[in-house]
Amino acid sequence: MAKLKMKTKKAAAKRFKTTGTGKLKRNKANHSHILTKKTTKRKRGLRQATMMDKTNEKVMKKILPYR
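## A short note on the overall build of the protein chain
In terms of regular secondary structure, the protein chain is built from three helices and three strands. For 67 residues, the compact-globule estimate of 2.2 N^0.38 gives 11 Å, and the C-alpha radius of gyration of the protein chain, at 16 Å, exceeds that figure by more than 25%. Here the protein chain holds 67 residues, and 15% of them are scored as buried. Summarising the internal contacts of the protein chain: among those between residues at least 6 apart in sequence, 64% fall at separations of at least 24. For the protein chain, the accessible surface area stands at approximately 6100 Å², while carbon and sulfur atoms represent 56% of it.

If you want it as structure tokens, here you go:
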């Protein structure tokens, strides 16, 4: 009997990218609305993507099995 394939959680697949070394890259939160009260420096920092935290990475790897 063939082993079943795991399904990728599509919500996570849209939000995270895998780097060449296998780490997960994510976008920062708080950059979609209510931007008038945030400083220019803060908004500029929110534009850059960052790496996923080590504590969450193991769980995310299960959700994204083929990435």
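From this point on, the discussion continues.
## So, the confidence of the model for the protein chain
Summarising the model, the protein chain shows a mean pLDDT of 94, and 100% of its residues fall at 70 or more. Across the protein chain, the element-wise mean pLDDT spans from 91 in helix α3 (residues 54–63) up to 97 in helix α2 (residues 40–47).

Basis of the calculations
Residues numbered from 1 in each chain as written. Predicted model: local features only at pLDDT ≥ 70, side-chain atom pairs only at ≥ 80, totals over all residues. Heavy atoms only, no water. Helix = DSSP H or I, 4+ residues; strand = E, 2+ residues; numbered from the N terminus. Rg over C-alpha atoms; globule rule 2.2 N^0.38 Å. Buried < 20%, exposed > 50% of the residue type's maximum accessible area, 1.4 Å probe, protein only. Contact = heavy atoms within 4.5 Å. Areas by Shrake-Rupley, 256 points an atom, 1.4 Å probe, with all protein chains shown as cover. pLDDT = per-residue confidence, 0-100.

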